Each structure stands twice: as structure tokens, then as C-alpha cells.
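# Descriptive structure summary
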Amino acid sequence: MPKDPIKEFYEQHYAKLELTAHMLRRIKLTEDAIEKFAKSKESILEIGCGTGENLSYYVNKFHFTNAYCVEIASFAEMEIREKGITPFILDVNVTEIPLEISSIDVLGR
């Protein structure tokens, strides 16, 4: 079975990006948003977490109790788990995300 081109791109490129000025700016903006909106630091969810580097950073900086992420690059799963993050690795061929987040208060309220 041929590999899906979206999954192939993420596994070869996106999930392995190094820190750049753009990425550092994005991290700063995300920190500002966490400070503003996450009143409770119980849970955090990142969509498209790569290997979980940014999410791990936020967990440590803001002391989140639970960390979750969604990713399609299956090679990253073990590295994500090693950081104490619960990953949901998606099959790009499905039409629905099999993830229920009703118990996760996204805004921390």
C-alpha cells in the first residue's frame, strides 16, 4: 500500500523542524495565550505536536498536570511518550478524529 503524501511530508519534514526565529515567535505568542486564557493549569492539548518539544516546554514552564497531543507522524509516538505526554496518533485516511475531549477544559475554566 503506498504511503499517504500528507503523512509522508509530516514524517520527513514538519515533525523534525528546528527552532527558527519564526518558531520562537510562535512559542512566545503561545505563552502569552496560555497566561491569558488558561486559568487552571490542569490539562493542555496540542494539535500537530511533532515530537512534543513545544508541548513539553509548556508543561514544564506552566506546570500542567496532564498533557495530550494529536499527531499524524507515527514515528514520533515513542519520543512523545518519553516526555510524559499522551499522544493520539491519527490515521490520515479517517474522516473523523476518534478523540473525545469533553473532560478536558480547553480554556481552563
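Conventions adopted
- Along each chain, numbering runs from 1 in the same order as the chain's sequence is written.
- Owing to the predicted nature of the model, reporting of local features is limited to residues with pLDDT of at least 70; listing and counting of side-chain atom pairs is limited to 80 or more, with chain, interface and lining totals taken over all residues.
- Side-chain numbers come from the whole structure's heavy atoms, not from hydrogens or water.
- Helix and strand assignments come from DSSP, with helices taken as H or I runs of at least 4 residues and strands as E runs of at least 2, each series counted from the N terminus.
- One less than the residue count of a helix, multiplied by 1.5 Å, gives the span that helix is expected to have.
- Any residue under 20% of the maximum accessible area for its type is buried, any over 50% is exposed, and the rest in between are partly exposed; the area is computed with a 1.4 Å probe on protein chains only.
- The arc in question is traced by the directions running from the helix axis to the C-beta atoms.
- The contact criterion used throughout is that any non-hydrogen atoms of two residues lie within 4.5 Å.
- Here a salt bridge means any side-chain nitrogen of Lys or Arg lying within 4 Å of a carboxyl oxygen belonging to Asp or Glu.
- Being paired, for any two strands, means DSSP has found at least two bridges between them.
- Between N-to-C directions, angles span 0 to 180 degrees; the directions come from axes that are lines fitted to C-alpha atoms, helices contributing only their stretch in contact.
- Per-residue confidence from the predictor is reported as pLDDT, a score between 0 and 100.

Glancing now at helix α2 (residues 21-37). With 17 residues, α2 ought to run about 24 Å at 1.5 Å a step, and its terminal C-alpha atoms sit 24 Å apart, in line with that. Looking at α2, one finds that the buried residues are M23, I27, E31 and I34. One side of α2 carries all its buried residues, which in axial view fall inside an arc of 85 degrees. For α2, the exposed residues lying more than 90 degrees away from the buried face are A21, H22, R25 and K36. Contacts made by the buried residues of α2 are with β1 (43-47) and α3 (53-62).

Turning our eyes to something else, we now look at the pattern of salt bridges. Under the counting rule described, the total for this entry stands at five salt bridges. When the shortest N-O distance is used, the salt bridge between E31 and K61 registers 3.3 Å. Remark: K61 occurs in helix α3 and E31 occurs in helix α2; sequence separation between them is 30 residues. Looking at K61, the relative accessible area reads 41%, which means it is partly exposed. The partner of E77 in a salt bridge is R81, and the shortest N-O contact between them spans 3.1 Å. Taken as a pair, E77 and R81 lie in helix α4 (residues 77-82) at a separation of four residues, close to a single helical turn. Relative accessible area serves as the criterion here: at 28%, E77 is assigned to the partly exposed category. Given the relative accessible area of 45%, R81 is considered partly exposed. A network of salt bridges, in which partner residues are shared, links E53, E79 and K83.

Let's shift gears to the sheet that holds strand β2 (residues 66-71). Spatially, the three strands line up as an open sheet ordered β1-β2-β3, and their pairing is parallel. Lying at the two open borders of the sheet, with one neighbouring strand each, are β1 and β3 (86-89). Strand after strand, the sheet turns through a mean of 15 degrees between neighbouring axes, direction not considered. Both β1 and β2 contribute to a ladder of five bridges, which runs parallel. Pairing of S43 across the sheet is with N66, part of β2.

For the rest of this paragraph, the subject is the confidence of the model for the protein. Averaged over every residue, the pLDDT of the protein is 78; residues scoring 70 or more account for 71%. Highest mean pLDDT in the protein belongs to α4 (94); lowest belongs to helix α1 (residues 5-12) (67). Contacts from residues 103-109, a stretch scored under 50 in pLDDT, to residues over four places away or in other chains number nine contacts.

All of the buried residues in α3 are N54, L55, S56, Y58, V59 and F62. Buried residues along α3 sit in contact with α2, β1 and β2. The first or second residue beyond α3 is H63, which carries a positive phi of 60 degrees.

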